[in-house]
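Coordinate inspection notes
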Number of protein chains: 2
Amino acid sequence: MEEMTDRGNGRMLISVDVMGGDHGPMTILDGIALAAKKYPDVEFILHGPERELKQIVGKRKNLQSRCEIRDATNMVSMGDKPSIAARHAEGTSMWSALEAVRTGEASACFSCGNTGALAMLSVLRLKRLPGINRPAIAILWPSKNPQGHTIMLDGGADISADAQDLLQYALMGTTYARFGYGLSRPRVGLLNVGTEKHKGTQELGKAYGLIDNSAGNAEFDFMGFIEGMNIPGDLCDVVITDGFTGNVAIKASEGTAELILGFLRDAFNFTPLSRIAALLAYTSLRRMKKRIDPRRSNGGVFLGVNGTVIKSHGSADAVGVSAAIKLACKLARSNFNSKLATTVSSFALQKPNASNSISTKENCR
Amino acid sequence: MEEMTDRGNGRMLISVDVMGGDHGPMTILDGIALAAKKYPDVEFILHGPERELKQIVGKRKNLQSRCEIRDATNMVSMGDKPSIAARHAEGTSMWSALEAVRTGEASACFSCGNTGALAMLSVLRLKRLPGINRPAIAILWPSKNPQGHTIMLDGGADISADAQDLLQYALMGTTYARFGYGLSRPRVGLLNVGTEKHKGTQELGKAYGLIDNSAGNAEFDFMGFIEGMNIPGDLCDVVITDGFTGNVAIKASEGTAELILGFLRDAFNFTPLSRIAALLAYTSLRRMKKRIDPRRSNGGVFLGVNGTVIKSHGSADAVGVSAAIKLACKLARSNFNSKLATTVSSFALQKPNASNSISTKENCR
């Protein structure tokens, strides 16, 4: 809860794991440089191979005086089981990046690395917020909402969630919507296979009751059960589901979006005439693509631990990285994590038990 | 297993529940009329209000001599719990439509009605195929595959599935791919949150082993764990998952497709110039839309009972209905269900137990 660390001159520090991205440290630094323009008061601690980083930073004027480099030549491997990766993580760039948040030095941590390992290390090193059983990743889904997206959690930190976990997701998700996106009274939907009350598992039925009961005190509107097609719609701001379902749903939809854009390309390449039409339609097509550009919604927030941890897509380019770094800056500046802790702890009394889960399981994606 | 009922003159009978569609019996009959042109040897038994149906059929020359009407003025309600709907279903159009398949009179049944009730009634009236524990709905998902789609099951007949059920889905799905779409050696993927073997639940790990072991004998290629983005890809022909995950994934993707098409409309309506570009791009846009048109892939096949049962989207228009009726004709003609029974029974010996599930649960969507 050491958010908004002020180095005495109103500056904030973001801790960046520069390893683990598909395109290497150069792309991460390009992303940081983009974000740094928008947040001139932010400084960065870079965790990775010192020599290489010195060289890259040296070439970027607006970063030279704003980056501190911490040498870490090892990295968490991408394919390893989270438990194995976490066991051998000490001294890696990810470990070092989280450490700066744990000590209170930095206000937020950014990483492109192994999601499961990042989730597990965050829990092991930063510890859960009091009252939280199962932390979750909140992701942004392009939608018809005025704010342009819907927040969904869990996007894949864990593969299951019971009714109490789903209630905690609702509390954390609405706090994120409130302080991350200025929605004073977020609308929450519980993902199911139908909207009728008898649909779905018993656990979902229980979660329905718990979330419904908390809506008044926690100042959100509960829209009840929603279906998959409502996620990109305008019915709710926050969608609650377990990490298995959430992860499959977002990836299936990303695949579908890619399929449609591919078909669109094929259609405009079909005849010489359609290629001319494509030239004329260029601006319109670009306008559309911008609204569903996954780079704009890059950055999953790991909710439920003592510190702000942002997970970027491994395949993110500089624009994608910069979106996630900007999100880190925004959340750090709004003192988000201590507000999250307050919300969650005020509901923790209603919670019967808080057993152990994520830190001992292989369930992270 | 009384497929391909031959009325002595090489004709097939399809049993149609004309109630339950959002647009009423008229649209269903329009769809039948479209399909009837392609299948001149098929005849239809229509289950619904006799007077109204007589009037509609009377106006369609190509249906007059090919339709028999069975009066059924009651219908299964759409919002009711499956168990309640099924309990009061006797005498409804859905009941009557299934009855014609049960007695062997018709080769396949079509309905737009309440999915859960149709699933439950199919199990109760037609009974499961020997060796099948949990029937499933196989749906088509537009994809990069040469055949233009991926088969996914379960699309929402039940909300859970254990390892044995998932193996049965693989056997049924590959039989459907083989005899419905001519794929001699279908590629099967098991849906998970990652492709690594340690990912996902224990049950999925068990299913992995069972499906992998059966691939050789059942003559399909097992591609292992796949992720959501692979469903619309070209990695596999058949995707296996439980009905909860499958239902959420397909609906989320339908919602995403709708969102993108909406953004595309907005983009082309943005300025007078972009409206002109839209006119020129009209043919290309139509070409693209045709490839993802959900009407072309309308028709979920309920696999695992003694008889072919096709479930159409309630909102299907005449083109959508005709696609599902054509599918019914195609499967009936290929004697599909007895081939499915043979495949499943040849693997039933490997199966330890077959307990009761769907017929006693409220879990249908």
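A closer look at the overall build of chain A
Of the regular secondary structure elements, chain A holds 12 helices and 11 strands. Taking 365 residues into account, the globule formula puts the C-alpha radius of gyration at 21 Å, and chain A, at 21 Å, falls close to it. Considered along the principal axes of its C-alpha atoms, chain A spans approximately 60 × 60 × 40 Å. Each of the 365 residues in chain A was classed as buried or not, and the buried ones make up 64%. In chain A, 76% of the contacts between residues at least 6 apart in sequence involve partners at least 24 apart.

Observations regarding the relation of the copies chain B and chain A
Overlaying chain B on chain A yields an RMSD of 0.0 Å, the required transformation being a rotation through 180° with an accompanying axial translation of 0.0 Å. Given the turn and translation reported, the copies of this chain are related as if by a two-fold rotation axis.

Some thoughts on a nonpolar patch on the surface
Where nonpolar side chains cluster on the molecular surface, the patch consists of Leu273(A), Ile276(A), Leu280(A), Leu273(B), Ile276(B) and Leu280(B) and spans about 650 Å² of accessible area. Within the residue set of the nonpolar patch, elements represented by two or more residues are α10 (272-292) of chain A together with α10 (272-292) of chain B. Looking at where Ile276(B) falls in the secondary structure, it is placed in helix α10. By relative accessible area, Ile276(B) is classed as partly exposed at 49%.

Considerations on the confidence of the model for chain A
All names here are of chain A. On average, residues of chain A score 88 in pLDDT, and 92% of them are at 70 or above. Per-residue pLDDT stays below 50 along residues 1-8; that stretch engages in 29 contacts with residues further than four places along the chain or on separate chains. The low-confidence segment residues 351-365 (pLDDT under 50) makes 50 contacts with residues lying over four places distant or belonging to another chain.

Notes on the interface of chain B and chain A
Taken together, the contact pairs 59 residues of chain B with 59 residues of chain A. Surface buried jointly by chain B and chain A totals about 5000 Å² across both partners, of which 72% is contributed by carbon and sulfur atoms. In this assembly, chain B and chain A are joined by six salt bridges. At the boundary of chain B and chain A, one finds 18 residue pairs in polar contact (both at pLDDT 80 or more). Secondary structure elements with two or more residues in the side of chain B that touches chain A: β5 (136-142), α9 (243-268) and α10 of chain B. Top element by residues in the side of chain B that touches chain A is α9(B). It accounts for 20 residues.

Thoughts on the sheet that holds strand β3 (residues 67-71) of chain B
All names here are of chain B. In spatial order, the strands read β3-β2-β1-β4-β11-β10-β5-β6-β9-β7-β8; together these 11 strands make up an open sheet with mixed pairing. The open sheet has two edge strands, β3 and β8 (221-226), and neither has a second partner. The mean angle between the axes of side-by-side strands here comes to 25°, regardless of whether they run parallel or antiparallel. For strand β1 (residues 12-17) and strand β2 (residues 42-48), the ladder comprises six bridges, and the chain directions are parallel. By the bridge assignment, valine 16 is partnered in β2 with leucine 46. The strands that helix α1 (residues 24-38) touches are β1, β2 and β4 (108-111); relative to β2, the one it contacts most, it runs at about 170°. This element, helix α2 (residues 50-58), spans β2 and β3 of the sheet and lies at about 160° to β3.

Observations concerning the sheet that holds strand β2 (residues 42-48) of chain A
All names here are of chain A. Reading across the sheet, the 11 strands line up as β3-β2-β1-β4-β11-β10-β5-β6-β9-β7-β8 and stay open at both edges, with mixed pairing between neighbours. Of all strands in the sheet, those with a lone pairing partner are β3 (67-71) and β8 (221-226), marking the two edges. Each adjacent strand pair in this sheet contributes to an overall mean axis angle of 25°, direction not counted. Bridge count for strand β6 (residues 149-153) against strand β9 (residues 238-240) is three bridges, and the pairing is parallel. The residue of β9 that forms the bridge with isoleucine 151 is valine 238. Along the sheet, helix α2 (residues 50-58) contacts β2 and β3; its crossing angle with β3, the most-contacted strand, is approximately 160°. Where helix α7 (residues 163-181) meets the sheet, it contacts β5 (136-142), β6, β7 (187-191), β9 and β10 (300-303), and its direction lies at approximately 145° from that of β6.

Side note on the pairing of β6(A)
Residues and elements named next belong to chain A. Across the five residues that make up β6, a large majority, five, are buried. Judged by which residues are buried, β6 turns out to be covered on both faces: His149, Ile151 and Leu153 on one side and Thr150 and Met152 on the other are all buried. Hairpin geometry of β5 and β6 is characterised by an intervening segment of six residues between the two adjacent antiparallel strands and by a positive phi of about 85° at glycine 148.

Points about helix α6 (residues 115-126) of chain B
Residue and element names in this part refer to chain B. Taking 1.5 Å of rise per residue, the 12 residues of α6 would be expected to cover 16 Å, and the 16 Å separating its terminal C-alpha atoms lies within 8% of that figure. Buried residues dominate α6, accounting for 10 of its 12 residues. Looking only at α6, the buried set comprises Thr115, Gly116, Ala117, Leu118, Ala119, Met120, Leu121, Ser122, Val123 and Leu126. Tucked inside the fold, the buried residues of α6 contact α4 (82-87), α5 (93-102), β4, β5, β10 (300-303) and β11 (308-311). A distance of 3.1 Å separates the backbone nitrogen of glycine 116 from a side-chain oxygen at the start of α6, and that oxygen is part of asparagine 114.

Description of the pattern of salt bridges
Applying the stated criterion across every chain yields a total of 32 salt bridges over all chains. Among the salt bridges present, the one from Arg60(A) reaches Asp30(A), with a minimum N-O distance of 2.4 Å. Of the two residues, Arg60(A) is situated in the loop between α2 and α3 (61-64) and Asp30(A) in helix α1 (residues 24-38); the sequence distance between them amounts to 30 residues. Accessibility expressed as a relative area gives 15% for Arg60(A), which makes it buried. The class for Asp30(A) is partly exposed, based on a relative accessible area of 30%. Put simply, Asp237(B) and Arg187(B) hold a salt bridge, and the shortest N to O gap is 2.8 Å. Of the two residues, Asp237(B) sits in the loop between β8 and β9 (238-240) while Arg187(B) sits in strand β7 (residues 187-191), which places them 50 residues apart along the sequence.

Cut-off values and rules
Residues numbered from 1 in each chain as written. Chains lettered and ligands numbered in written order. Predicted model: local features only at pLDDT ≥ 70, side-chain atom pairs only at ≥ 80, totals over all residues. Heavy atoms only, no water. Helix = DSSP H or I, 4+ residues; strand = E, 2+ residues; numbered from the N terminus. Rg over C-alpha atoms; globule rule 2.2 N^0.38 Å. Buried < 20%, exposed > 50% of the residue type's maximum accessible area, 1.4 Å probe, protein only. Contact = heavy atoms within 4.5 Å. Least-squares fit on C-alpha atoms with pLDDT ≥ 70 in both. Patch = residues over 30% accessible without salt bridge, like charges linked within 9 Å, V, L, I, M, F, W, Y side chains within 5 Å. Areas by Shrake-Rupley, 256 points an atom, 1.4 Å probe, with all protein chains shown as cover. Salt bridge = Lys/Arg side-chain N within 4 Å of Asp/Glu carboxyl O. pLDDT = per-residue confidence, 0-100. Buried area = accessible area lost by both parts, 1.4 Å probe. Polar contact = N/O pair within 3.5 Å; in protein donor to acceptor, adjacent residues only side chain to side chain. Pairing = 2+ DSSP bridges. Axes fitted to C-alpha atoms, helices over the stretch in contact; angles between N-to-C directions. Expected span 1.5 Å × (residues − 1).

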